[in-house]
Amino acid sequence: MSAPEFILKTTPPRIPRTALEREPLQRIWANVRERTTIVVIAPAGFGKTTLLAQWRRNWLKQGALVAWLGVDAQDDPTRFTLALLSAVSSASGRPAFDALMAQYAAESDHDIDALTGLLAEIAFLGTETVLMIDDAERLPDATVRTSLQYLLHNAPPNLHVVVSSRVPLPLQTWELAAKGNFATIGPDDLHLQLDESTAVLGKHFGQRLNLDQCTRLHELTGGWPLGLQLVAATIEREPDLAVAIDSLSARRGDIERYFFESLLTRLPAPMTDFLIRVAILDHLAADLCEAVTGHASAGQYIARLMVETPILSVAGLQDWVRLHPLVRDFLLSRFEQLPMAEQQELHARASHWFAERQRFHEAACHALASGNESLAHAYAERALWTLTLQGKLLEAREWLDRIPPEVVAADVDLRLVGAWIMAIGERNAEALEISQAILLDPATNPQRRFVAARAAFSAAAYGDRLGLMPAILADWLAYRPEPSASIEDPIQALAYANGVAFMALHAGETQRVRQLIGQVPANVDNDSLRLPIAHRLMIVGLSHLWDGEASRAEAALWPALVSAERIAGRRSMVASMYAAMVAAALLERDQPTAAQALLAHRLDVIERHGAPDVILLAYRTLAYVALSQGDERRALNILESLGELGERRQLPRLMLHGFAERIRLHSLRGRSETVESLLQAMAELEDVFGQTSFSSFQSLYKLTRAIATTYAALARNDLDECDRQLEAADALANQLHRGRDALTIRVLRAVVVQRRHADNAMPLLAEAVGLAAIRGCDRLLADTHPLAVQMGAALHAAPADAKARRTETEPGQQPYSALPERAAASRSGLLTTKETEVLILLDKGMSNKLIARAMEISDETVKWHIKNLFLKLAAGTRKHAVDRARLLGLLVH
């Protein structure tokens, strides 16, 4: 090999200007940097070379010597060894490595001796040394099994070898792994997360893309780094990015060229034919693909493609994979070029396979594509119940619309399932009418009456007609096939239990709700009953949020959200419903950016399929996120849209909260005429909530109106009116067990007392803040009133003489009031006020018992705050937490 070739192979690449410094990968580097061998394995386009270049920079900053080597198919053992010597020589500048090169350049049969000499010189060097080998999948098999294997197993303690490869290498690494000297980084580690994709697109487009658009592109590319780059390159020259995103396709332009060059020209022809024909399948399994294509090697093809390419990913179902969306779009364009007869035959085979396994939705889809419309309708009729129970409402509605109306009208069971499908969404009024008609029909048998009552209850719930529910619930049990029998069918039992819990929730019996819900019965299949179980968790999550227990709501719902996204997709009905509630909890915990990201590109799904409570949470969260970002105009637009949606859908509760939140905002800005107009509009809703359908919300209406009127009175400085309204609101909040509203009322009372310049304002506020901290409501003051925020700052800056006197009984301890660091830590935004105070007392060396006494909280609450400190500061001990806080500037001394 010539000197110029050595130079090219050992010159490290430049880090791209748009490359993202990915925090998760930096954490991985920190965890594995001491290992002898680190192997990065992922298909093309996952950023392996960029990652190695960034890690190279990290090691250089640590003072390590870092050598780079790009390898290829010509690197037999001799050439590989000489290239290694050249790389280390170039990085170190030591003549000893040049001497080794000269010694072994002409001795092609002494490769191991040369490697031994290289390793000995590195050991003698004593400096931490890193050898990076890129594109190792290109190496000849003999080089991997001999030279590379020898290098890894004989590396001295000061040498780290980092290898990147598109495929797993035939290396024996079990001994290294057993000693803790081996680490593997795979595609799951390299996939971009949503926030990372957003950051990458932000570097490309600045503010030209909003979060919803970034989220759409992230979902389209599936976190594949190269896919995101291809998409960005495709749309960046377009004048209208929104139109460009809507029309994105892998059937033309740069994306098509990439897939043509990397797939159709590089894969074996039989495998390419296989991929084109299985592109019609949403998910792939070996036996399904074999049945459709006739390829006996289907399983081997899938296994190879999973390892060698980025085009397949694991689906939520066991042993199933899916094609990358862009790849599938490209392949479908090729599928459509096949003869029509072959296309229909492939679809017919898929339909038959799914029908044999009673997966009638997929069978119907492929039957329709094969041209057999009557068979498709027959399968669709059998699929509707399953689709609805799984929360696949969009698919169910599409099939319902396809089935001829006369067929639906003539079939009571189809009308029933149709009513249930329509109930869960915008057509709930129509569903209520259909189900009640079936209930009133004397020819309807008891089993159908029971199902019709369930559909009527769902329609009433999604139509927010709570006043109709007691009668429906009472009749529900009356329609059992045998009045004295228990509900044995798990679907019906689950639905009825949800109904009872839903009524208890809106009656304010939040603790009873959680007792009623309990655990999902053992005989319930979680996958097949995804929607009833989701409703069950929705009720639990709402009960925590209404209690003001944001932390508990997040803990209850987050695992379910992750599971729903994995199984059904990010924009599925169930995942979107969970996301709305988790986002509300995250907002309460003062994480508005995370809350906004959860709701990105989901609001339309929530509007179509969400219960009124879920819709309300989503809109309110987005409005408060906008306020946290200083965008009052956007917040007001969101709240106006909420009111318009409520009016359009005849959901007065949405209108009520749209008015109330706007009254709060305009009152804080002193816009008296606007406030009076909105108060009048709110007053006009009183007659609506007097109607039977909405009468159960009368107490909530009065509570919401009282709080809104308090804000208006505060703007006028009418403190007596504030007192009257807050007294009424407090009684209603207690009656309804609305713990979160009760906290707001406490803070408003403190604000009113402060306006009167009374001495008890600060104690009132301190009590509210203390309760909020325990429950995880970290934005209580910011979301209530600006004066409350000022009072909170003064509360933590003022001396607390009573607390100081109590701590004087402990010799050698500094009084709790003498905390000059408190303001600095609170301003950081990382810690809550209470966590800051606990941190400062930890710095004083105080025990949990003394901290509890000083802060007038329980020992358990102290433990809770310390646990949160450990989590936020990435600490394992009390001393470690204090040290980390100093490092981050949270403690000033």
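Residues numbered from 1 in each chain as written. Predicted model: local features only at pLDDT ≥ 70, side-chain atom pairs only at ≥ 80, totals over all residues. Heavy atoms only, no water.

In the predicted model, the protein carries a mean pLDDT of 87, and the fraction of residues at 70 or more is 92%. Throughout residues 799–828 the model reports pLDDT below 50, and contacts reaching past four residues in sequence, or to other chains, amount to 49 contacts. (pLDDT = per-residue confidence, 0-100. Contact = heavy atoms within 4.5 Å.)

Further remarks concern the nonpolar core. Among soluble globular proteins, nonpolar side chains are generally buried collectively. Of all hydrophobic cores here, the largest spans 242 residues; its most connected members are W55, W59, F259 and L281. With 14 residues, helix α32 (residues 573–588) is the single largest residue contributor to this core. Not counting residues within four places of it along the chain, the set of residues in contact with W59 comprises W29, R33, I38, A64, V66, E128, V130, M132, H160 and V162. (Core = buried A, V, L, I, M, F, W, Y, C linked by side-chain atoms within 4.5 Å. Buried < 20%, exposed > 50% of the residue type's maximum accessible area, 1.4 Å probe, protein only. Helix = DSSP H or I, 4+ residues; strand = E, 2+ residues; numbered from the N terminus.)

What follows concerns the packing of aromatic side chains. Evaluated as defined, the whole model comprises eight aromatic pairs. Between W353 and F354, the aromatic rings sit 5.1 Å apart at their centres with planes inclined by 90 degrees, giving edge-to-face as the arrangement. For the pair F689 and Y701, a centre-to-centre distance of 5.1 Å together with 25 degrees between the ring planes defines the contact as stacked. Separated by 12 residues along the polypeptide, F689 in helix α39 (residues 686–689) and Y701 in helix α40 (residues 698–716) bring together distant segments of the chain. Exposure remark for Y701: the relative accessible area of 3% places this residue in the buried category. Over the face of the ring belonging to Y624 we find R620, whose NZ or CZ atom lies 4.1 Å from the ring centre. Against the face of W546 rests R738, its NZ or CZ located 4.1 Å from the ring centre. (Phe/Tyr/Trp six-rings, centres within 6.5 Å; stacked < 30°, edge-to-face > 60°. Lys NZ or Arg CZ within 6 Å of the ring centre and 35° of its normal.)

Ordered in space as β2-β3-β4-β1-β5, the five strands form an open sheet in which the pairing is parallel. On the outer flanks of this sheet lie β2 (65–70) and β5 (182–185), each paired with one strand and no other. If you compare each strand with its neighbour and ignore which way they point, the axes differ by 15 degrees on average. (Pairing = 2+ DSSP bridges. Axes fitted to C-alpha atoms, helices over the stretch in contact; angles between N-to-C directions.)

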